[in-house]
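Next come the chains, spelled out residue by residue.
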Amino acid sequence: MKSKRLDLSSRRPINQDSFIQEWPETGLILFNSPFDPKPGIRISRGRLCELDGKPEAEFDLIDRFIARYAIDLTRAEAAMALDSTEVARRLIDIGVPRRELVELFGALTPAKIVEVVNRLNTVEMMMALQKMRARRTPSNQAHVTNRKENPALLAADAAEAVERGFSELETTVGVSRYAPFNALALLIGSQTGRGTALTQCAVEEALSLKLALAGLTTYAETLSVYGTEKAFHDGDDTPWSKAFLASAYASRGIKVRFTSGTGSEALMGHAEAKSMLYLEARCLMAIKGAGSQGVQNGSISCIALPESLPGGVRGVLAENLIATLMDLELASGNDALASHSSIRKSAKLMLQFLPGTDYIFSGYSSMPKEDNLFGGGNFDAHDLDDYNVLQRDMQVDGGLRPVSDEAVLKVRRRAAQAVQAVFRHLELPPVSDAEVEAATRAESSTDMPERDVVGDLEAAGRFLEEGRSGLDAIRALAREGFDDIARKILALQKLRLSGDHLQTSAMVLPGPRVVSAVNDPNDYRGPGSGYSLSPDRRQEIASLNQALDPREMGRESSSEPGGFLREAGEARVGTDPGEIVIAIGPAFGTELRSTLLGIPHQEVLQAMIDGIRAEGLRPRVVKIYATSDCGFIGHRGAQLSGSGIAIGIQSKGTTIIHQRDLEPLNNLELFPQAPNLDLSSYRTIGQNAAKYAKGEPVAPVPTRIDNTARLKYIVRTTVLHLHETRQVVKDRKPRELDWSPMQAAAGSGAVEKALPA
Amino acid sequence: MSNITDNYPLSEKRPDRLTTPTGASWKDIDLQSVLDGTLSMSDLRIAPETLELQAQIAESAGRSQLADNLRRAAELVRVPESKILEVYQALRPGRSTPGELESLADELESQYRAGRCARFLREAAQAYDVP
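Here is a short report on the structure shown in this document. A quick note: this is a predicted structure, and the numbers were derived from the prediction, not measured. (Residues numbered from 1 in each chain as written. Chains lettered and ligands numbered in written order. Predicted model: local features only at pLDDT ≥ 70, side-chain atom pairs only at ≥ 80, totals over all residues. Heavy atoms only, no water.)

1. Remarks on the overall build of chain A
Point 1. For chain A, the helix and strand inventory stands at 29 helices and 20 strands.
Point 2. The C-alpha radius of gyration computed for chain A amounts to 34 Å, which surpasses the reference 27 Å derived for 757 residues by more than 25%, pointing to a less compact arrangement than a globule.
Point 3. Oriented by its inertia axes, the alpha-carbon framework of chain A measures out at about 110 × 65 × 55 Å.
Point 4. Taking all 757 residues of chain A together, the buried fraction comes to 61%.
Point 5. Within chain A, residue pairs in contact and separated by at least 24 positions form 76% of the contacts whose partners lie at least 6 positions apart.
Point 6. Total accessible area on chain A is roughly 28600 Å²; 51% of this is exposed by carbon and sulfur atoms. (Helix = DSSP H or I, 4+ residues; strand = E, 2+ residues; numbered from the N terminus. Rg over C-alpha atoms; globule rule 2.2 N^0.38 Å. Buried < 20%, exposed > 50% of the residue type's maximum accessible area, 1.4 Å probe, protein only. Contact = heavy atoms within 4.5 Å. Areas by Shrake-Rupley, 256 points an atom, 1.4 Å probe, with all protein chains shown as cover.)

Shown next as structure tokens:
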């Protein structure tokens, strides 16, 4: 039995997420499985013969690999003897430089590393991550895929992603035979706009290597590593085979990043009762031992599994941190769908976003989720505006930038046209004009015309068989009038000669210019050090498309000369007991022309006049210059009113009914929520003011309650009030206003109807 | 010269030292050479000497394992792709006996002067061989 409220709560997105208790025997636990080994090391005659309590004779393949390649035995005994809390403190001690910690952690065992990291709370882990990431400048990677595997759309999405600031793009395939075309479309799109981003196509290892050798991709990220031998075997690899593959890529000048993450071993049923973090520490040490420059982790596609457990999000942050302690480039996850709840997703993102990592996402879904072939995408195209706002709010460099609609359309069209030209030139199945147009303006692949799938797959297969390569694309682009794209692709391919992007945390910026942990090392040492936004970058982040210039707000039509009101000298004190003064603010009808809601001042004034007349009294309009405060405007008006009753109104539409003998900040009726006032309200305000003057009973003007009014209007309210306040002339007396031109303009009908018979 | 990392990135600071295994130099590679057809993908390859430079850079940045990887890679520049894939396959679980890995190591050493890779394979063979 549930209350109605609890029933509604139970249907909130958060309650569609799965939550479970820990079950250490199967590895469903983040830290501290009772079956985790205790930290320890024994070295005999320069040989590691006991690792975390396990004698060498019992080592599995991963232990052997780690023992051989990942632990600095010259420092290990001293490092292992340090108290774990003391080491943890060094991680957040700004007096201890990163390099010293990298050396120290290079001499610890997996169990010791986990024990140290587990001494940090979540905020301390973020502080440590800020200090320990390898590259000073943070960056971001995008996923670019679509369900129809349409090359024009892939290219357009790739071009837009780069325009938005992503420095790496990753695609994959639904049908693996599409891989050469997907890689080609991504390559072309990625170099279309501002360029330059590295691109990859996530497919099976051998095909992935072929694509890279053919110059269709520029890096690879598919080298998965697991924390137990059985899981490793299920992945059909060993640490040695993966390490060899890494060298193979490097021998062709191709950047590689490994993949690991908490939860994969439990998912495969091979966690051996060890905690996820302990197994991940083993992975990361194996990756370091293999000589990889970096890793993508942060649970990756398993993310919902650790998140189902207590401390899951903290644990994922811990694994990110351990990657940086191993001195690895870190692409920190945030890619696969992690929660139904936007609140939970955003909160989790902050753990990587605020400290910054080399690639905050290892795949931000730059297109709508429905087109994401990586399994959802935790954030997608429709969250990009949110992301840009978060950067602006926190003054954090999340790697992206706001771009104008025009710029987006321009690069999308050009990328789609470039793909069309390359396909034509290389006699691949044609890309139609309709596809180019659709790719330019599409929401998703749903909007794309169908292609001949069989023809595409045949052609894609032949493409590699015939030994075609990125050079064919370069030639085709140059001959079809896309010289700029051709040159950028060539410049990227040429980087292979240099191997510059094989160094840790390399990204390729327009130029192409390689920035890595070698020439941009993270030098964070507390406030005033490390990465900070340059003035240009700060400005770029601040310049949201939707950000308005407050100087222009509310003045959209105020450039018209004159106005509907004419001043007729200083206002006198009235003697007519049948008159109601309408006192308007200093900008009303002149500097500003409409209320907060955009109701023209002229119509507002007319409605109040009509209301007063409907009660048989006579309106008089005066302008107050000495103040912009609603209470004081009304109060001044009341001093001038023959009846002693006045309506005060600010330009933004806030209104008050005042009486001569009341204190300025008291009132008969106040209507502070201008957003709730429409023309009929203003007419009723006029009537009520008249009724007060006549001594009749008055029913207050009904107003609606809108909880979002303050959120929606506080900025505009402030800006309009600032414009009004700028029109204040302290010692200027109130002015009588001749509003007869207005009556003429409004037509006589309204007035006649308002007059009592 | 003060520090090897002062040369980094080589593409900006020392393009004069960049050649391809086919003998082309950095400045030879431009759009015209692609259009002429004088350039092929095999020209767009890193040279062993360059990988050695990058290994030294990695080492001086404190990254000895990365340096080892780049030095193994330098040896593999000379090894054809088919052989590389064969070695990779042989290293995968349950694919080969220690003896087969041993003979692949011998081949890498004798035919391609890939001593580091050969040692790496022998270490794998030893590790795989423990029951």
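This is not the end of the story, as more comes after the structure.
2. Some thoughts on the packing of helix 3 (residues 48-60) of chain B against helix 4 (residues 64-76) of chain B
All names here are of chain B.
Point 1. Close contact between helix 3 and helix 4 brings their axes to 8 Å; oriented N to C, the two are set at 175°. By the angle between their directions, the pair helix 3 and helix 4 is classed as roughly antiparallel. Facing Pro48, Leu51, Glu52, Gln54, Ala55, Gln56, Ala58 and Glu59 of helix 3, the residues of helix 4 in contact are Leu66, Ala67, Leu70, Arg71, Ala73 and Ala74.
Point 2. Partitioned by chemical class, the residues of the contact of helix 3 with helix 4 number nine nonpolar, two polar and three charged. (Axes fitted to C-alpha atoms, helices over the stretch in contact; angles between N-to-C directions. Parallel < 35°, antiparallel > 145°, perpendicular 65-115°, else oblique. Nonpolar A, V, L, I, M, F, W, Y, C, P; charged D, E, K, R; others polar.)

3. So, the packing of aromatic side chains
Point 1. Taken as a whole and assessed by the stated rule, the structure comprises 15 aromatic pairs over all chains.
Point 2. Centroid distance A:Tyr69 to A:Trp240: 6.0 Å. Interplanar angle 70°. Geometry classified as edge-to-face. With a gap of 171 residues between them, A:Tyr69 in helix 2 (residues 61-69) and A:Trp240 in helix 12 (residues 239-251) connect regions that are remote in the sequence. Of the two residues, A:Tyr69 and A:Trp240, both sit in the buried class.
Point 3. Pairing A:Phe166 with A:Tyr364 gives two aromatic rings, centres 5.6 Å apart and planes at 45°, and the pair type is tilted. Note that A:Phe166 is positioned in the loop between helix 8 (151-163) and strand 5 (168-172) and A:Tyr364 in strand 11 (residues 362-365), a separation of 198 residues in sequence. For the residue pair A:Phe166 and A:Tyr364, the accessibility class agrees, reading buried in each case.
Point 4. An aromatic cluster of three or more residues is present, and its members are A:Phe166, A:Phe353, A:Phe361, A:Tyr364, A:Phe379 and A:Tyr387.
Point 5. Taking the ring centre of B:Trp26 as reference, the NZ or CZ of A:Lys494 above it sits at 4.5 Å.
Point 6. When the ring centre of B:Phe120 is taken as reference, the NZ or CZ atom of B:Arg72 above it lies at 4.2 Å. (Phe/Tyr/Trp six-rings, centres within 6.5 Å; stacked < 30°, edge-to-face > 60°. Lys NZ or Arg CZ within 6 Å of the ring centre and 35° of its normal.)

4. Quick word on the nonpolar core
The nonpolar side chains of a soluble globular protein tend to be buried, and buried together.
Point 1. Ranked by internal contacts, the top residues of the largest apolar core, which has 104 residues, are A:Leu91, A:Phe105, A:Trp240, A:Tyr249, A:Phe258, A:Leu321 and A:Met326.
Point 2. It is helix 14 (residues 276-289) of chain A that provides the largest number of residues to this core, a total of 10 residues.
Point 3. Excluding residues within four positions of it along the chain, A:Trp240 makes contact with A:Leu61, A:Arg64, A:Phe65, A:Tyr69, B:Leu91, B:Phe120, B:Glu123, B:Ala124, B:Ala127 and B:Tyr128. (Core = buried A, V, L, I, M, F, W, Y, C linked by side-chain atoms within 4.5 Å.)

5. Examining the interface of chain A and chain B
Point 1. Tallying the contact residues gives 63 residues for chain A and 57 residues for chain B.
Point 2. Among the residues of chain A in contact with chain B, A:Phe244, A:Arg252 and A:Leu497 are the three that bury the most area, contributing 16% of the side total.
Point 3. Linking chain A with chain B are six salt bridges.
Point 4. Viewed at the interface, chain B and chain A are joined by 30 residue pairs in polar contact (both at pLDDT 80 or more).
Point 5. For the side of chain A that touches chain B, the secondary structure elements donating two or more residues are helix 2, helix 5 (98-105), helix 10 (205-213), helix 12, helix 14, helix 21 (470-479), helix 22 (483-498) and strand 13 (513-515) of chain A. (Buried area = accessible area lost by both parts, 1.4 Å probe. Salt bridge = Lys/Arg side-chain N within 4 Å of Asp/Glu carboxyl O. Polar contact = N/O pair within 3.5 Å; in protein donor to acceptor, adjacent residues only side chain to side chain.)

6. Comments concerning the sheet that holds strand 10 (residues 329-331) of chain A
All names here are of chain A.
Point 1. Pairing within the open sheet is parallel, and its four strands lie in the order 7-8-9-10. Taken across any chain shown, the strands that pair with only one partner, and hence form the sheet edges, are strand 7 (219-224) and strand 10. In this sheet, neighbouring strand axes are inclined to one another by 30° on average, regardless of whether the strands run parallel or antiparallel.
Point 2. Across three bridges, the pairing between strand 9 (residues 294-296) and strand 10 is parallel. When the bridges of strand 10 are listed, Gln296 appears paired with Ala331.
Point 3. Lying over the sheet, helix 12 contacts strand 7 and strand 8 (255-259), oriented at roughly 175° with respect to strand 7. (Pairing = 2+ DSSP bridges.)

7. Some points on the sheet that holds strand 1 (residues 41-44) of chain A
All names here are of chain A.
Point 1. Spatially, three strands are ordered 1-2-3 in an open sheet, and the strand pairing comes out antiparallel. Edge positions in the open sheet fall to strand 1 and strand 3 (54-55), since each of these has one partner strand only.
Point 2. One ladder, built from four bridges, connects strand 1 with strand 2 (residues 47-51); its direction is antiparallel. From the neighbouring strand, Ser44 faces strand 2, where its bridge partner is Arg47.
Point 3. Each of strand 1 and strand 2 is contacted by helix 3 (residues 73-81), which is oriented at about 140° to strand 1, the strand it contacts most.

8. Here's the deal with unusual backbone geometry
One can expect most non-glycine residues to show negative phi and most peptide bonds to be in trans.
Point 1. With an omega of -5°, the peptide bond between A:Gly511 and A:Pro512 qualifies as cis.
Point 2. For the peptide bond that leads from B:Tyr8 to B:Pro9, omega is -5°, which places it in the cis range.
Point 3. The residue B:Pro9 is located in the segment before helix 1 (10-13) in this model.
Point 4. Located in the positive-phi region is A:Gln395, a residue other than glycine, with phi close to 55°.
Point 5. Mapped onto the fold, A:Gln395 is located in the loop between helix 17 (384-394) and helix 18 (405-425).
Point 6. We classify A:Gln395 as partly exposed; its relative accessible area is 33%.

9. Things to note about helix 20 (residues 453-465) of chain A
Residues and elements named next belong to chain A.
Point 1. Its 13 residues place the ends of helix 20 18 Å apart at the C-alpha level, agreeing with the 18 Å of an ideal helix rising 1.5 Å per residue.
Point 2. Looking only at helix 20, the buried set comprises Gly455, Asp456, Leu457, Ala459, Ala460 and Phe463.
Point 3. Looking at the buried residues of helix 20, the elements they touch are helix 9 (179-190).
Point 4. The distance from a side-chain oxygen at the start of helix 20 to the backbone nitrogen of Val454 is 3.3 Å, and the residue carrying that oxygen is Asp452.
Point 5. Gly467 sits one or two positions beyond helix 20 and adopts a positive phi of about 75°. (Expected span 1.5 Å × (residues − 1).)

10. Some thoughts on the side chain of A:His601
All names here are of chain A.
Point 1. Within the element layout of this structure, His601 appears in helix 24 (residues 601-614).
Point 2. Within polar-contact distance, the side chain of His601 engages the backbone oxygen of Ser651 at 2.7 Å.
Point 3. Among residues more than four places away in sequence, those in contact with His601 are Phe564, Phe588, Gly589, Leu592, Arg593, Ser594, Thr595 and Ser651.

11. A word on the side chain of A:Thr440
All names here are of chain A.
Point 1. Note on placement: Thr440 falls in helix 19 (residues 433-441).
Point 2. A relative accessible area of 1% means that Thr440 is categorised as buried.
Point 3. Polar side-chain contacts of Thr440 include one of 2.7 Å to the backbone oxygen of Val436.
Point 4. Setting aside its immediate chain neighbours within four residues, Thr440 contacts Leu409, Arg412 and Arg413.

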